[in-house]
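Commentary on secondary and tertiary structure
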Amino acid sequence: MLSRRKKEVPRKHITTVESATSASTSAAAARGLRQDRVGVAPHSDSEVQLALHGGPASGQLLAAAAAVLALLLCQHAAVCLLAPQTGKWLAASFCSLALFAITVVAAVAGHAADDTIASVAAAATAADGKFSNGSSGSAVAAWAWFGASIAAASLSVSWHGSTLVGLAGSWLLAPGLADSPGLRISDAELTLRCMALAAATCGPLFACLGLAAGAGCSAALRTELPARGRLAALVAALAAAASWALLQGLPPAVLPPRPASTLPPLVSVAAALLAAILMPAARPVADSAPQGATPRRRRNGSAAKLKPWVGLPWQRQAAVLLGPVALVLLAQLQAHRHGSAAAPRQLEGGRYHVLWQTELAAGGQLSVIEGVYKEQYRYRLLRLDHSVLGGEYVAPAEVAGQTIYTAFYLQQAAVLLRPGGSRSLHVGLGVGTAVKGMQRLGVAADSLELHPEVLAAARRFFQLQPELRGGRALLGDAAALVPLLQREGGAGAYDYILHDVFSGGGTAPSLMSAAFFRKLSRLLAPGGVLAVNYYGGKGQGLKQAWCRLRLVFDSVRAFSDTDTARVRNHVLFASYANLVAANLTAAVEAVQAASAVRYSSSGGTEEMLDPLQLRVWSGLPGREVQLMYDRQRCQQMLTWHDGLPAGRSTVGDSQGSGGSGGSRVQLKGQPPLLWRKLREMRERHALATAHWVVARTQFADSLWLS
């Protein structure tokens, strides 16, 4: 009896030993094992937090970092999905701001949810004397990733030939935009409706990503920073991602061009995989028993029972359930994309038909729409997102092949300023109206087109033949093709260059810079003419385009289209020759006489001009826009706008977009940079909304339901 008592260990010694080995105890608790309440000493806060979050914070940190990086991909996807409805500029600016605001609110909510769960778990640990076996940050982030996969998949599901974005756009944007000017909504209301469209369709995706980022950041940095510090770090990371997305976007090397319909499935698959990685699996939990008692055994003989999860662990459940769903969704989207391009569809009670539709590899929706005007004139339009690249009449026979838009006739007026030319270069193809017009005048036309789908549509639906008279069509970015043409011996090869790159609601700034105009000038023959199409009002933007041409060329003239709208097409002609000395009236008479000779010699089968083209050319002198700035005044104007140092040349090849180069400094008497950027944004906003209203009122729901 005495010897047995010597072998027994006093209870206070048990407490001392377990307090000294708290590190091993916390490790066991982190693995999910229950500890007996009797004889277990209180644990320190660091041990409790370590056990609550499963040791290293790699999973939580992965969730937060992945969510912040996924915002860049999702913003790119949202812009591609919203652009056909709102225009690319509104989608990339105001709509993206609304989505990032939703993300920040959701991130704060995720941060608070993780803090709340961790506080409750810590209180339970202190009261019961045992550790929790889960990670609140990983659990909240995993459920958020599940929600992101569902939200992304919903953006791709189509119903009656239209996606969720298209249906919401027809409901939010179409009302109040009738042909009557009294029913048109204001620019501010239109912008708010576009932001509401973004929030209603893409908002759940960004909210789930924000929730994942907030929970993951809170859990990963809990032992490093206090609550306010974690929240500040989270907001700073989201602000950096938003700023990068709004100002820079994703570089092509990171995200190769792909159709917009494939982006939401990619997000769904990535979200499902991250949810499978982060979701806590079923963990064995030991039974509570008095000190020294034998643990209860289950029927299968194991000494621990499993937490009652149904079936497989969460990792395998996510892979089994969401993996096949993602594959089926991808197959469905591909079938829908190819099927919609092949099957014509009626719109708006038969007023419009979608003859052909596809998605550009570089992003954007391209459609060929056929409509009826005054119940007798049938026409076709080539639409890229919410911009119309061109249109021609197809019936009746007397107007077949004629363009709907007189701006193309205005561009071809370059032959009046330099008669007798034989070759032309077209930067931007559209439906090929300008190319066919120059071919009818006996000019061989080369064209540069960024999108191969546009060239295919022009050949198939608008009877374009680029090879006529020795012409050719080149595919690629004009900024890279123009120097290539010069190296191939094209310097001085073109008598006319027609520059029209307005698409998707705007133009690429790099193609409207003085540097690009100077590169084009090297391709012009002596006395050659460059014609630049500018879409906008008679405001600061038109003056800047005129001045950028004036910094390169000796003579510039501008003419407005026959349309009387506030925002319309203007064509600026530039040359090293004196364009002011050109007699437009005499040139029109000469071309008209040549057209009559050709018509009679061909027996009435070949025409150079149609009546509308002749009427547009005859009225050119009355539509000239008087802009009389010399190079010094243009230098000052662009310096004031772009913030160039005084005296720096703005015509060198090292310029960036907008004709600016070198370091940017604030000149004396010049408004601050922020004020100038806000003014520039206001000008872009006015142009984007005006173009949106014009396109909407001209073609009604054909832009929205297609």
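See the structure above.
Before going into details, it helps to say that this report is about the structure given with it. On a predicted model such as this, the values are computed, not experimentally measured, just so you know.

1. Notes on the overall build of the protein
When its secondary structure is counted, the protein shows 24 helices and 17 strands. Looking at the protein as a whole, 50% of its 706 residues qualify as buried. Contacts in the protein between residues at least 24 apart in sequence constitute 69% of all its contacts with a sequence separation of at least 6. Carbon and sulfur atoms form 61% of the exposed surface of the protein, whose accessible area is close to 32300 Å².

2. Notes on the environment of Arg-472
Tracing the sequence through the fold places Arg-472 in strand S12 (residues 472–475). A relative accessible area of 35% means that Arg-472 is categorised as partly exposed. Between the C-alpha atom of Arg-472 and that of Ala-444, which follows or precedes it by 28 residues, the distance is 8.7 Å. Look past the residues within four positions of Arg-472 in its chain and what remains in contact with it is Ala-445, Asp-446, Ser-447, Pro-466, Leu-485, Glu-488 and Tyr-494.

3. Digging into the packing of aromatic side chains
A complete count under the given rule lists eight aromatic pairs for this structure. Considering the side-chain rings of Phe-559 and Phe-573, the 5.8 Å spacing of their centres and the 65 degrees angle between planes classify their relative orientation as edge-to-face. Of the two residues, Phe-559 sits in strand S15 (residues 555–560) while Phe-573 sits in strand S16 (residues 568–575), which places them 14 residues apart along the sequence. Here Phe-559 matches Phe-573 in class, with each residue buried.

4. Observations concerning helix H17 (residues 452–461)
Among the residues of H17, Glu-453, Val-454, Leu-455, Ala-457, Ala-458 and Phe-461 are the ones counted as buried. On its buried face, H17 is in contact with strand S6 (352–359), strand S7 (365–373), strand S8 (377–384), strand S9 (387–395), strand S11 (444–449) and S12. Looking one or two residues beyond H17, the residue adopting positive phi is Gln-463, at roughly 55 degrees.

5. Concerning the state of the cysteines
Summed over all chains, the structure comprises one disulfide. Linked covalently through their sulfurs, Cys-547 and Cys-634 form a disulfide whose S-S length is 2.4 Å. Between Cys-547 and Cys-634 the disulfide shows an S-S torsion of about -70 degrees. By sign, it is left-handed. Of this pair, Cys-547 sits in helix H20 (residues 540–550) while Cys-634 sits in helix H23 (residues 631–642), and the two are 87 residues apart along the sequence. Cys-547 sits in the buried class, given a relative accessible area of 0%. There is no disulfide at Cys-95, and the cysteine sulfur nearest it, in Cys-194, is 5.3 Å away. Residue Cys-95 is classed as buried on the basis of its relative accessible area of 0%.

6. With respect to the sheet that holds strand S17 (residues 624–625)
Strand-to-strand pairing in sheets goes through backbone hydrogen bonds, with the strands running parallel or antiparallel. Overall, mixed pairing links the eight strands, which are arranged S12-S11-S10-S13-S14-S16-S15-S17 in an open sheet. Each having just a single partner strand, S12 and S17 make up the two edges of the open sheet. Looking at chain direction, S15 and S17 are connected through two bridges and run antiparallel. By the bridge assignment for S17, Phe-559 is matched with Glu-624.

7. Considerations on the nonpolar core
Formed by 63 residues in total, the largest nonpolar core has its most connected members in Leu-82, Trp-145, Ala-148, Leu-173, Leu-205, Phe-206 and Leu-209. Of all the elements, helix H5 (residues 58–86) adds the most residues to this core, at 15 residues. Setting aside residues up to four positions removed in sequence, Leu-209 forms contacts with Ala-67, Ala-70, Leu-71, Cys-74, Trp-145 and Ala-148. The next biggest cluster of nonpolar side chains, apart from the first, holds 38 residues, and it includes Ala-514, Val-556, Ala-574 and Leu-638.

8. Here's the deal with unusual backbone geometry
Omega for the peptide link from Ala-395 to Pro-396 comes to 0 degrees, which places this bond in the cis form. Here Pro-396 lies in the loop between S9 and helix H14 (407–412). At Gln-463, a position not held by glycine, the phi torsion is positive, near 55 degrees. Mapped onto the fold, Gln-463 is located in the loop between H17 and S12.

9. Topic: the pattern of salt bridges
Here the structure, examined in full by the defined rule, presents 13 salt bridges. Here Arg-230 ties to Asp-115 by a salt bridge, and the two come within 2.7 Å at their closest N and O atoms. Of this pair, Arg-230 sits in helix H11 (residues 227–247) while Asp-115 sits in helix H6 (residues 88–128), and the two are 115 residues apart along the sequence. Considered together, Arg-230 and Asp-115 belong to a single accessibility category, that of buried residues. The partner of Asp-446 in a salt bridge is Arg-423, with the nearest N and O atoms 2.8 Å apart. Taken as a pair, Asp-446 in strand S11 and Arg-423 in strand S10 (residues 423–427) lie far apart in primary sequence, 23 residues in all. You can call Asp-446 buried: its relative accessible area is 2%. When salt bridges that share partners are traced, they join Asp-114, Asp-115, Arg-222 and Arg-230 into one network.

10. What to know about the pairing of strand S13 (residues 494–499)
On a regular strand, each side chain points to the face opposite its neighbour's, so the side chains alternate between the two faces of the sheet. Along S13, six of the six residues are buried, which leaves the element largely enclosed by surrounding structure. Of the strand pairs in this sheet, S10 and S13 are connected by four bridges, and their pairing is parallel. The partner of Ser-424 across the bridge, within S13, is Tyr-496. Across five bridges, S13 lies against strand S14 (residues 524–536) in parallel orientation.

11. Considering a nonpolar patch on the surface
Together, Leu-97, Leu-246 and Leu-247 give the surface a local cluster of nonpolar side chains, amounting to about 290 Å² of exposed area. Relative to the assigned elements, Leu-246 resides in helix H11. In this structure Leu-246 comes out as partly exposed when scored by relative accessible area, which is 31%.

12. Some remarks on the side chain of Ser-555
Note that Ser-555 resides in strand S15. Assessed through its relative accessible area of 6%, Ser-555 is described here as buried. Beyond its immediate sequence surroundings of up to four residues, Ser-555 is in contact with Phe-573, Ala-574, Ser-575, Ala-577, Asn-578, Leu-579 and Val-580.

13. Brief notes about the side chain of Ser-447
Tracing the backbone shows Ser-447 in strand S11. With residues up to four places along the chain from it excluded, the contact list for Ser-447 reads His-426, Leu-429, Val-435, Arg-472, Ala-473 and Leu-474.

14. Quick word on the pairing of S11
Where burial is concerned, most of S11 is hidden: six out of the six residues are buried. Where burial is concerned, the two faces of S11 agree: the one with Ala-444, Asp-446 and Leu-448 and the one with Ala-445, Ser-447 and Glu-449 are both buried. Of the strand pairs in this sheet, S11 and S12 are connected by four bridges, and their pairing is parallel. Residue pairing for S12: Asp-446 is matched across the bridge by Arg-472. At this point the chain moves from S11, through H17, to the parallel S12, and the crossover so formed is right-handed.

Procedures and definitions
- Residues numbered from 1 in each chain as written.
- Predicted model: local features only at pLDDT ≥ 70, side-chain atom pairs only at ≥ 80, totals over all residues.
- Heavy atoms only, no water.
- Helix = DSSP H or I, 4+ residues; strand = E, 2+ residues; numbered from the N terminus.
- Buried < 20%, exposed > 50% of the residue type's maximum accessible area, 1.4 Å probe, protein only.
- Contact = heavy atoms within 4.5 Å.
- Areas by Shrake-Rupley, 256 points an atom, 1.4 Å probe, with all protein chains shown as cover.
- Phe/Tyr/Trp six-rings, centres within 6.5 Å; stacked < 30°, edge-to-face > 60°.
- Disulfide = S-S within 2.5 Å.
- Pairing = 2+ DSSP bridges.
- Core = buried A, V, L, I, M, F, W, Y, C linked by side-chain atoms within 4.5 Å.
- Salt bridge = Lys/Arg side-chain N within 4 Å of Asp/Glu carboxyl O.
- Patch = residues over 30% accessible without salt bridge, like charges linked within 9 Å, V, L, I, M, F, W, Y side chains within 5 Å.
- Right-handed = clockwise from strand over helix to strand, strands pointing away.

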